[in-house]
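# Architecture at a glance
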Amino acid sequence: MPPIGRAVGLLAFAGLLIAALVPLARLRFPSTTIGLGRLDRDSGLAHRPATAAADTIATPSDDPWSVALWRAHVERSLAAARAFRVGLPTPRLVGRDPWAVRMLVLLLVAVSFVSAGGDRMRRIAAAFDWQSATIPSNFRLDAWVSPPVYTGRPPVILPGVRPGETVQSALAAVTVPAGSVLVVRASGQASLDVSTTGGLVEAAADPATKAPAGAEERRFTIKERGTATVRGLGHDLAWAFNATPDRVPTVSLTKEPEPQARGALQLTYKLEDDYGVIEARATFAAKQGATTSDAAARPLFDPPDFTLVLPQARTRNGVGQTTKDLTENPWAGSDVTMTLTARDEADNVGKSAAVDVRLPERLFVKPLARALIEQRRTLALDADSRDSVAVALDALTIAPDRFMPETGTYLGLRSIFWTLTRAKGDEELREVVRELWALATQLEDGNVADAEARLRNAQEALRQALERGASEEEIKKLMEELRAAMQQFMQALAEELRKNPQMARPLDPNTRQLRSQDLQSMLDRLEQLARSGARDAARALLDQLQSMMENLQMGRPGQQGDMDDDMMSALDELGDMIRKQQQLRDKTFQQGQDQRGQRGQRGRRGQQGDQQQQGDQQQQGDPSDYSQLQQNQQGLRDQLKKLMEQLRQRGLGQPQDGKGDQPGGDQPGGDQFGRAEDSMGDAAGELGQGNADGAVDSQGRALDALRKGAQGLAQQLQQQMGQGPGQGQPGRMGQPRARQDTDPLGRPLRGRDYGDDTTVKVPGEIDVQRARRILEELRRRFADPLRPQLELDYIERLLKDF
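An account of the accompanying structure is given in this report. Predicted, not measured: the structure shown is a model, and the values here were computed from it.

Among the surface-exposed residues, Trp-99, Val-101, Leu-104, Val-105, Leu-107, Leu-108, Val-109 and Val-111 lie close enough to one another that they form a single nonpolar patch of about 850 Å² accessible area. Looking at the secondary structure, you find Leu-108 in helix α6 (residues 101-116).

Set out below in structure tokens:
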């Protein structure tokens, strides 16, 4: 009831209670005589024995005969007392309450007592609470639910109380993510009485969003299903909530772990979460079921553990790929059990199924380096084997003049030996392991090892900067470091190739070729994406670059490589020719439109006879106006003839298996280029006659033939270079080309079905410009202080996730 109703009801109840108690004042208890008479009536005995036993003799007591007779009468009445019977009470309420309304009142009291539960005393006390009966006219109550920030959901506004409005509770339960915060804020002088049931727990006030002066605020964390009720407003204002729990993220491998050519491990995995994964890791443990000797070993290093690269900052559903160099880790080459873990912002952790894997290890060719790596692994995985390792290192220095080309190598090995024999703890033994690795890689690679380490460090630093959203100045500085590291690495490879020519291998036509220009183009594109805000695409391109560098091998260029460059140049020239033909067609169409407009104006100004003459010339313009376009068209035709002659000399562009005359344009190029040449000739002739419409049609046919011919030529080039599926170059033996689904830069080829796509699309120039415009517009709106606070908060979240 409203406060006024509670006051009136309480007073009415008190009046009725007093009125009901008034008859109690007139109540008289029955006398003994009345009680004995009731007993005689209920017993049904004659001569009223109960009343007689209590009576006294009425005649004088000095008459012995009267006294004797009275005593006999009393004794007979007392003897009849054994037959006394007390009857049932007869309040005669039926006459007063024939409908038994009294039982309904008792039933309602019992039901109310049970349904009130733990709220009994508060409900009773509410009858005496008349404070809210006078709510201030400026009283206002607002309530909303703020979902966790990581969900990206907007706040939910709940029904409240406004001045002059009636109280209305929410009709249906509101579904919100678990962990959301219910905020109830009241302004005015009325007290705020909020009670909750179910999974609503009162939370501490947030200092960042402190309630304004003169307002009272309560906060509740919604963990499970429950309700919140505000009392003292005339009518209770209640909200019901359903909490949606945050699901545990899932992570799983999409393909088996792949070792790379330079010893790195490549993992491809799929991540799923309802609100986004913020961290993923790969953990390793010693494989179960090890031998007794392995179980008793005391390793100096824990199994590797590294962070996985996420496809996006908060990945809800995506496929990621991480390439990690574990060759320097002492566990490289060991059989381990790998488990992938994913964590969301609510600290829910999901794990993948455990997979047994052998960690890739680097292969050392030089005997001394290989021997040092074997002893390093033995010491790293069992600290108790230090004595046997010391004996082996000592043995390697017995005859240094026979297998050690440099004195520095001998001195370094002796220094490691003495450090090992004098080590007093595990930390000194770990230092010995590091020195053995440094010496072995120096023997095997020379300066390449240091350059490779610098390159990997630069790649990792740039990746971390992209993940945390570093500034443009930091990105620019890291890109310069990556360029310098890449240049140093390529120079070190070239120097090593010069010193050891036997390390290079002839280029196989089934092997991708990577030139310095390709690397430079990738780095330029990477910097452009990073500075324009396309961080996810930049990280994807960086992963591709790292994968290419991990599989990089030194090769010796030959005739086949030069021929491939010439073929690629021919394709580039053909693409430029298609572009020029399209531009020439556009100019022809535009000039034809302009001339028709000018003829129409002259016709409207002339006489009727002149109009008829001009109308006869609508289809033919002045040939002199199209002379420049005709010359350009003839030049493109001559260029196509020259290109066709070059292709014929290389055995390309010819129909295969007699399919050149089939309709549909699927032939590799010879017939299509011939049709393009004929169409270009027709277009040149029609331009000479001033027929713009006919020239446009012929140019369109030439464009279509050029495109089909280029597509067929590209397919023929792939077949001859061993790139077609299941096709190798005739007369050559070798391994099929690895990963047919990528181009020489490691990017997926278009137009094929590869199943699971493990890459992120790298946006083009238009996509980048559109993203930049959107970002600038968001920043402009965020800087406008006149916009609503709710909109500003939403834009701020967008900018953080951009």
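In the Ramachandran plot, Arg-48 falls in the positive-phi region, its phi being about 45° despite a non-glycine side chain. Here Arg-48 shows up in the loop between α2 (32-43) and α3 (49-54). Of note, the phi angle at Ala-100 is positive, near 55°, even though the residue is not glycine. Mapped onto the secondary structure, Ala-100 falls in the loop between α5 (93-96) and α6.

With that settled, the discussion passes to the packing of aromatic side chains. Throughout the structure, instances matching the rule amount to 3 aromatic pairs. Judged by centre distance (5.8 Å) and plane angle (35°), the rings of Phe-284 and Phe-306 are tilted. With Phe-284 in strand β10 (residues 264-286) and Phe-306 in strand β11 (residues 305-307), the pair connects residues that are 22 residues apart, well separated along the chain. The same class applies to Phe-284 and to Phe-306, which are both buried.

The description of two helices packed together rests on the angle between their axes and the distance between the axes. It is the contact of helix α9 (residues 367-381) with helix α13 (residues 426-445), at a shortest axis distance of 9 Å, that shows an interaxial angle of 160°. It follows that α9 is roughly antiparallel to α13 by the angle criterion. The handedness of the crossing between α9 and α13 comes out as left-handed. Contacts between α9 and α13 involve Leu-368, Ala-369, Leu-372, Ile-373, Arg-376, Leu-379 and Ala-380 on the former and, on the latter, Leu-429, Val-432, Val-433, Leu-436, Trp-437, Leu-439, Ala-440, Leu-443 and Glu-444. When its residues are assigned to classes, the contact of α9 with α13 shows 14 nonpolar, no polar and 2 charged.

Another aspect to go through is the nonpolar core. Among the nonpolar cores identified, the biggest contains 49 residues, and Leu-267, Phe-284, Leu-372 and Leu-393 are the most heavily contacted of them. Every element with two or more residues in this core is listed here: β10, β13 (335-344), α9, α10 (386-396), α12 (407-421) and α13. The contact partners of Leu-267, leaving out residues within four places of it in the chain, are Pro-257, Ala-282, Phe-306, Leu-308, Gly-320, Gln-321, Thr-322, Met-338 and Leu-340.

Right, let's talk about α6 for a bit. An α-helical segment advances 3.6 residues per turn. Residues three or four places apart therefore align on the same side. Taking 1.5 Å as the rise per residue, α6 with 16 residues should run 22 Å; its terminal C-alpha atoms sit 23 Å apart, in good agreement. Phi turns positive one or two residues past the end of α6, at Gly-117, with a value near 60°.

Between α9 and α10, whose axes approach to 9 Å, the crossing angle comes to 165°. Between α9 and α10, the angle is such that the two are roughly antiparallel. At the point where α9 passes α10, the crossing takes the left-handed sense. In this structure, α9 uses Leu-368, Ala-371, Leu-372, Gln-375, Thr-378 and Leu-379 to contact α10, whose residues at the interface are Arg-386, Ser-388, Val-389, Ala-392, Leu-393 and Leu-396. Taken together, the residues of the contact of α9 with α10 break down into 8 nonpolar, 3 polar and 1 charged.

Calculation criteria
- Residues numbered from 1 in each chain as written.
- Predicted model: local features only at pLDDT ≥ 70, side-chain atom pairs only at ≥ 80, totals over all residues.
- Heavy atoms only, no water.
- Patch = residues over 30% accessible without salt bridge, like charges linked within 9 Å, V, L, I, M, F, W, Y side chains within 5 Å.
- Areas by Shrake-Rupley, 256 points an atom, 1.4 Å probe, with all protein chains shown as cover.
- Salt bridge = Lys/Arg side-chain N within 4 Å of Asp/Glu carboxyl O.
- Helix = DSSP H or I, 4+ residues; strand = E, 2+ residues; numbered from the N terminus.
- Phe/Tyr/Trp six-rings, centres within 6.5 Å; stacked < 30°, edge-to-face > 60°.
- Buried < 20%, exposed > 50% of the residue type's maximum accessible area, 1.4 Å probe, protein only.
- Axes fitted to C-alpha atoms, helices over the stretch in contact; angles between N-to-C directions.
- Parallel < 35°, antiparallel > 145°, perpendicular 65-115°, else oblique.
- Left-handed = near helix turned anticlockwise from the far one by under 90°.
- Contact = heavy atoms within 4.5 Å.
- Nonpolar A, V, L, I, M, F, W, Y, C, P; charged D, E, K, R; others polar.
- Core = buried A, V, L, I, M, F, W, Y, C linked by side-chain atoms within 4.5 Å.
- Expected span 1.5 Å × (residues − 1).

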